[in-house]
Amino acid sequence: MFILAKGSAPFLHPSRNARSQNHWPVVTRALEAPWYLLVYDVSCRRGHRVSQTSLVGSDDALVELVSAINRADLRCIGRLDRQHGLGPSWNLRWIEALWMPALGEAREVGPLLLRFEAEPLVRDALLRPVGEVAGRQLVYEVGGFGERSR
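Residues numbered from 1 in each chain as written. Predicted model: local features only at pLDDT ≥ 70, side-chain atom pairs only at ≥ 80, totals over all residues. Heavy atoms only, no water.

Draft legend 1. Quick peek at the nonpolar core. Ranked by size, the top nonpolar core spans 24 residues in total, and within it Leu38, Leu62, Val66, Ile77, Leu98, Leu112 and Tyr140 carry the most contacts. Mapped by element, the contributors of at least two residues to this core are strand E3 (35–43), helix H1 (59–68), strand E5 (74–83), strand E6 (89–100), strand E7 (113–116) and strand E10 (137–141). The dominant element in this core, judged by the number of residues it contributes, is E3, at six residues. Setting aside chain neighbours within four positions, we find Ile77 in contact with Leu37, Leu38, Leu62, Val66, Arg93, Trp94, Ile95, Leu98 and Tyr140. Within the second largest apolar cluster, six residues are counted, among which are Trp99, Val109, Val122 and Val130. (Core = buried A, V, L, I, M, F, W, Y, C linked by side-chain atoms within 4.5 Å. Buried < 20%, exposed > 50% of the residue type's maximum accessible area, 1.4 Å probe, protein only. Helix = DSSP H or I, 4+ residues; strand = E, 2+ residues; numbered from the N terminus. Contact = heavy atoms within 4.5 Å.)

Below, the structure is given as structure tokens:
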């Protein structure tokens, strides 16, 4: 999924990292699929809390990481989509709510459903509108997890 620079090391969520954890200095993605920007608070040594941002490269990884983060620590989730036109560009939209699909629905709609800020439609990972969210597991919602800060 990623092309790693020399000397790179895998990333672990701060709640699971070792004191000597290394981080990737550069990450290149060969595919033009969307990226997710995940902003959350972490506790550091000596009790300090800081904001941390993770760039997530797949729908499944996003759901897994969001599920592993304490809900009170989760600040916001954005989606970066590649835009085509005169030169390379990206469009960032903030996600208002995120669901896992109902049983048997994942093959049709993918591993997650989302609703963007100021937009009433629930969409699948390919941004196609889908029906109501009844029967789907809510993974993230703005306001249900503390105030969003960007």
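Having put the structure on the table, let's press on.
Draft legend 2. The side chain of Asp59, seen in detail. Mapped onto the elements of the fold, Asp59 is located in helix H1. At 2.8 Å, the side chain of Asp59 forms a polar contact with the side chain of Tyr36. Apart from residues lying up to four places away in sequence, Asp59 is in contact with Tyr36, Pro111, Leu112 and Ala125. (Polar contact = N/O pair within 3.5 Å; in protein donor to acceptor, adjacent residues only side chain to side chain.)

Everything listed here is a matter of coordinates, which is why it stays silent on function.
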